[in-house]
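Each chain, written out:
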Amino acid sequence: PSMIYHLRVFARRNKGPVAGVGTIIAALATGLVLSDLQRRRAVRAETLAGERLAETARERDRAFTAEAEAKRRRAEAEAVTNFLNDTLASVDPTEARGQEFTVKQMLEQAAAKIDASLRAQPLVEATLRLTIGNTFRALGKYAAAEPHLRTALKLRKERLGAENLEVADALTDLAALLDAQGDYDDAEPLFRDALRIRRKLLGDEH
(Lines give C-alpha, C1' and ligand atoms only; values in the text may rest on other atoms or scores of the structure.)
Protein backbone atom coordinates (compact mmCIF):
# COMPACT_ATOMS: atom_id res chain seq x y z
CA PRO A 1 0.00 0.00 0.00
CA SER A 2 1.16 3.55 -0.77
CA MET A 3 1.98 6.21 1.77
CA ILE A 4 -1.18 8.11 0.77
CA TYR A 5 -3.28 4.99 1.50
CA HIS A 6 -1.74 4.62 4.95
CA LEU A 7 -2.39 8.29 5.69
CA ARG A 8 -6.04 7.99 4.63
CA VAL A 9 -6.54 4.94 6.84
CA PHE A 10 -4.84 6.69 9.75
CA ALA A 11 -7.02 9.78 9.25
CA ARG A 12 -10.25 7.71 9.20
CA ARG A 13 -9.29 5.87 12.36
CA ASN A 14 -8.15 9.07 14.19
CA LYS A 15 -10.54 11.75 12.99
CA GLY A 16 -10.49 13.76 16.23
CA PRO A 17 -6.74 14.06 16.69
CA VAL A 18 -6.17 14.66 12.96
CA ALA A 19 -8.80 17.43 12.94
CA GLY A 20 -7.18 19.00 16.00
CA VAL A 21 -3.72 18.92 14.45
CA GLY A 22 -5.15 20.36 11.22
CA THR A 23 -6.75 23.19 13.16
CA ILE A 24 -3.47 23.93 14.92
CA ILE A 25 -1.58 23.92 11.62
CA ALA A 26 -4.16 26.22 10.02
CA ALA A 27 -3.97 28.57 13.00
CA LEU A 28 -0.18 28.62 12.85
CA ALA A 29 -0.26 29.29 9.10
CA THR A 30 -2.76 32.09 9.56
CA GLY A 31 -0.67 33.54 12.34
CA LEU A 32 2.45 33.41 10.17
CA VAL A 33 0.66 35.17 7.30
CA LEU A 34 -0.72 37.87 9.60
CA SER A 35 2.67 38.29 11.27
CA ASP A 36 4.36 38.69 7.89
CA LEU A 37 1.76 41.26 6.85
CA GLN A 38 2.34 43.21 10.05
CA ARG A 39 6.08 43.01 9.52
CA ARG A 40 5.75 44.31 5.95
CA ARG A 41 3.53 47.15 7.13
CA ALA A 42 6.02 48.04 9.85
CA VAL A 43 8.88 48.02 7.32
CA ARG A 44 6.89 50.24 4.94
CA ALA A 45 6.03 52.63 7.76
CA GLU A 46 9.65 52.73 8.88
CA THR A 47 10.83 53.32 5.31
CA LEU A 48 8.27 56.11 4.83
CA ALA A 49 9.28 57.72 8.10
CA GLY A 50 12.94 57.54 7.07
CA GLU A 51 12.16 59.10 3.69
CA ARG A 52 10.25 61.92 5.38
CA LEU A 53 13.10 62.55 7.81
CA ALA A 54 15.59 62.57 4.92
CA GLU A 55 13.42 65.02 2.96
CA THR A 56 13.13 67.25 6.02
CA ALA A 57 16.91 67.18 6.38
CA ARG A 58 17.33 68.02 2.69
CA GLU A 59 14.91 70.93 2.97
CA ARG A 60 16.80 72.20 6.02
CA ASP A 61 20.09 71.90 4.15
CA ARG A 62 18.62 73.76 1.17
CA ALA A 63 17.40 76.51 3.48
CA PHE A 64 20.84 76.82 5.11
CA THR A 65 22.49 76.85 1.68
CA ALA A 66 20.13 79.53 0.39
CA GLU A 67 20.71 81.64 3.52
CA ALA A 68 24.48 81.27 3.22
CA GLU A 69 24.32 82.18 -0.48
CA ALA A 70 22.21 85.26 0.30
CA LYS A 71 24.71 86.37 2.97
CA ARG A 72 27.59 85.82 0.54
CA ARG A 73 25.91 87.91 -2.13
CA ARG A 74 25.14 90.71 0.33
CA ALA A 75 28.72 90.75 1.55
CA GLU A 76 30.00 90.67 -2.03
CA ALA A 77 27.72 93.54 -3.08
CA GLU A 78 28.82 95.59 -0.08
CA ALA A 79 32.50 94.93 -0.80
CA VAL A 80 32.07 95.86 -4.47
CA THR A 81 30.24 99.07 -3.54
CA ASN A 82 32.91 100.07 -1.03
CA PHE A 83 35.69 99.34 -3.50
CA LEU A 84 34.07 101.37 -6.28
CA ASN A 85 33.33 104.24 -3.91
CA ASP A 86 36.96 104.32 -2.77
CA THR A 87 38.15 104.16 -6.38
CA LEU A 88 35.87 106.99 -7.51
CA ALA A 89 36.90 109.09 -4.54
CA SER A 90 40.55 108.66 -5.44
CA VAL A 91 40.23 109.94 -9.03
CA ASP A 92 41.91 113.32 -9.43
CA PRO A 93 39.58 115.50 -11.55
CA THR A 94 42.49 117.75 -12.53
CA GLU A 95 43.92 114.88 -14.59
CA ALA A 96 40.76 114.40 -16.70
CA ARG A 97 41.15 114.82 -20.45
CA GLY A 98 37.65 114.07 -21.73
CA GLN A 99 35.02 111.52 -20.70
CA GLU A 100 36.58 108.43 -22.30
CA PHE A 101 40.00 109.14 -20.88
CA THR A 102 38.51 109.70 -17.42
CA VAL A 103 36.67 106.37 -17.52
CA LYS A 104 39.76 104.59 -18.82
CA GLN A 105 41.89 106.19 -16.14
CA MET A 106 39.46 105.20 -13.41
CA LEU A 107 39.38 101.60 -14.69
CA GLU A 108 43.15 101.41 -14.73
CA GLN A 109 43.32 102.73 -11.17
CA ALA A 110 40.69 100.21 -10.06
CA ALA A 111 42.56 97.36 -11.76
CA ALA A 112 45.77 98.34 -10.00
CA LYS A 113 44.02 98.32 -6.63
CA ILE A 114 42.44 94.89 -7.16
CA ASP A 115 45.78 93.10 -7.11
CA ALA A 116 46.73 94.74 -3.82
CA SER A 117 43.47 94.65 -1.86
CA LEU A 118 41.20 91.80 -2.96
CA ARG A 119 43.34 88.67 -3.11
CA ALA A 120 41.57 87.36 0.00
CA GLN A 121 38.13 87.89 -1.60
CA PRO A 122 38.26 85.99 -4.90
CA LEU A 123 34.54 86.24 -5.70
CA VAL A 124 34.52 89.99 -5.08
CA GLU A 125 37.62 90.23 -7.25
CA ALA A 126 35.89 88.22 -9.98
CA THR A 127 32.82 90.51 -9.95
CA LEU A 128 34.95 93.64 -10.15
CA ARG A 129 37.11 92.21 -12.93
CA LEU A 130 33.98 91.40 -14.93
CA THR A 131 32.77 94.98 -14.46
CA ILE A 132 36.14 96.40 -15.49
CA GLY A 133 36.55 93.99 -18.39
CA ASN A 134 33.06 94.64 -19.76
CA THR A 135 33.56 98.40 -19.50
CA PHE A 136 36.88 98.16 -21.34
CA ARG A 137 35.09 96.10 -24.00
CA ALA A 138 32.36 98.74 -24.32
CA LEU A 139 35.10 101.35 -24.84
CA GLY A 140 36.69 99.20 -27.54
CA LYS A 141 39.76 98.49 -25.39
CA TYR A 142 39.73 94.76 -26.14
CA ALA A 143 43.33 94.01 -25.17
CA ALA A 144 42.79 95.62 -21.77
CA ALA A 145 39.48 93.80 -21.25
CA GLU A 146 40.55 90.23 -21.98
CA PRO A 147 42.85 89.48 -18.99
CA HIS A 148 40.21 90.74 -16.57
CA LEU A 149 37.46 88.59 -18.09
CA ARG A 150 39.66 85.49 -18.21
CA THR A 151 40.76 85.95 -14.60
CA ALA A 152 37.17 86.44 -13.48
CA LEU A 153 36.11 83.23 -15.21
CA LYS A 154 38.99 81.32 -13.62
CA LEU A 155 38.21 82.62 -10.13
CA ARG A 156 34.52 81.77 -10.36
CA LYS A 157 35.21 78.25 -11.64
CA GLU A 158 37.65 77.64 -8.79
CA ARG A 159 35.29 78.88 -6.09
CA LEU A 160 31.84 77.96 -7.44
CA GLY A 161 32.48 74.91 -9.60
CA ALA A 162 32.25 74.52 -13.36
CA GLU A 163 28.43 74.36 -13.53
CA ASN A 164 27.15 77.51 -11.90
CA LEU A 165 25.03 80.40 -13.20
CA GLU A 166 27.67 82.96 -12.24
CA VAL A 167 30.22 80.92 -14.19
CA ALA A 168 27.82 80.94 -17.15
CA ASP A 169 27.67 84.74 -16.93
CA ALA A 170 31.48 84.95 -16.96
CA LEU A 171 31.62 82.59 -19.96
CA THR A 172 29.13 84.78 -21.82
CA ASP A 173 31.07 87.96 -21.08
CA LEU A 174 34.34 86.48 -22.35
CA ALA A 175 32.60 85.05 -25.40
CA ALA A 176 31.08 88.47 -26.16
CA LEU A 177 34.56 90.00 -26.11
CA LEU A 178 35.92 87.35 -28.49
CA ASP A 179 32.89 87.84 -30.72
CA ALA A 180 33.48 91.61 -30.79
CA GLN A 181 37.05 90.90 -31.93
CA GLY A 182 35.81 88.63 -34.72
CA ASP A 183 37.24 85.50 -33.04
CA TYR A 184 34.12 83.43 -33.68
CA ASP A 185 35.81 80.01 -33.49
CA ASP A 186 36.84 80.65 -29.87
CA ALA A 187 33.66 82.54 -28.93
CA GLU A 188 31.17 79.88 -30.05
CA PRO A 189 32.16 77.07 -27.65
CA LEU A 190 32.05 79.51 -24.73
CA PHE A 191 28.54 80.64 -25.69
CA ARG A 192 27.47 77.01 -26.08
CA ASP A 193 28.93 76.03 -22.71
CA ALA A 194 27.12 78.91 -21.01
CA LEU A 195 23.87 77.88 -22.70
CA ARG A 196 24.36 74.24 -21.62
CA ILE A 197 24.87 75.28 -17.98
CA ARG A 198 21.77 77.47 -17.99
CA ARG A 199 19.64 74.75 -19.59
CA LYS A 200 20.84 72.22 -17.02
CA LEU A 201 20.22 74.46 -14.02
CA LEU A 202 17.15 76.39 -15.20
CA GLY A 203 15.46 74.12 -17.76
CA ASP A 204 14.89 74.50 -21.47
CA GLU A 205 11.91 76.87 -21.12
CA HIS A 206 13.53 79.44 -18.83
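Above this text is the structure in question.
The structure reproduced in this document is the subject of the present report.

What counts, and at which threshold
- Residues numbered from 1 in each chain as written.
- Predicted model: local features only at pLDDT ≥ 70, side-chain atom pairs only at ≥ 80, totals over all residues.
- Heavy atoms only, no water.
- Helix = DSSP H or I, 4+ residues; strand = E, 2+ residues; numbered from the N terminus.
- Expected span 1.5 Å × (residues − 1).
- Buried < 20%, exposed > 50% of the residue type's maximum accessible area, 1.4 Å probe, protein only.
- Arc of directions from axis to C-beta.
- Contact = heavy atoms within 4.5 Å.
- Salt bridge = Lys/Arg side-chain N within 4 Å of Asp/Glu carboxyl O.
- Core = buried A, V, L, I, M, F, W, Y, C linked by side-chain atoms within 4.5 Å.

## Re helix α7 (residues 184-202)
Line of reasoning, step 1. Between its first and last C-alpha atoms α7 spans 26 Å; for 19 residues at 1.5 Å apiece the expected length is 27 Å, and the two agree.
Line of reasoning, step 2. Within α7, the full set of buried residues consists of A187, L190, A194 and I197. With its buried residues spanning 95 degrees around the axis, α7 presents them on a single face. Away from its buried face, by an angle of more than 90 degrees, α7 presents the exposed residues Y184, D185, R192 and K200.
Line of reasoning, step 3. Residues of α7 that are buried in the fold lie against α6 (165-180).
Line of reasoning, step 4. Looking one or two residues past α7, G203 carries a phi angle of roughly 95 degrees, positive in sign.

## Description of the pattern of salt bridges
Line of reasoning, step 1. Applying the stated criterion across every chain, the model contains 13 salt bridges.
Line of reasoning, step 2. Residues D36 and R40 are paired through a salt bridge, measuring 2.8 Å at the closest nitrogen-oxygen approach. You can see D36 and its partner R40 sitting in helix α2 (residues 15-90), four residues apart, about one turn around the helix.
Line of reasoning, step 3. On the accessibility criterion, D36 (28% relative accessible area) is partly exposed.
Line of reasoning, step 4. For R198, the salt bridge is made with D169, and the minimal N-O distance between the two is 2.8 Å. Remark: D169 occurs in helix α6 and R198 occurs in helix α7; sequence separation between them is 29 residues.
Line of reasoning, step 5. If you follow the salt bridges from partner to partner, you end up with E163, D193, R196 and K200 in one network.

## A look at the nonpolar core
Line of reasoning, step 1. Judged by nonpolar contacts, the single largest core of 26 residues is most densely connected at I132, L153, L171, L174 and L190.
Line of reasoning, step 2. Elements with a minimum of two residues in this core: α3 (99-117), α4 (122-138), α5 (142-160), α6 and α7.
Line of reasoning, step 3. Broken down by element, the residue count for this core peaks at eight residues, all from α6.
Line of reasoning, step 4. Those residues in contact with L174 that sit more than four places away from it in its chain are L149, R150, L153 and L190.

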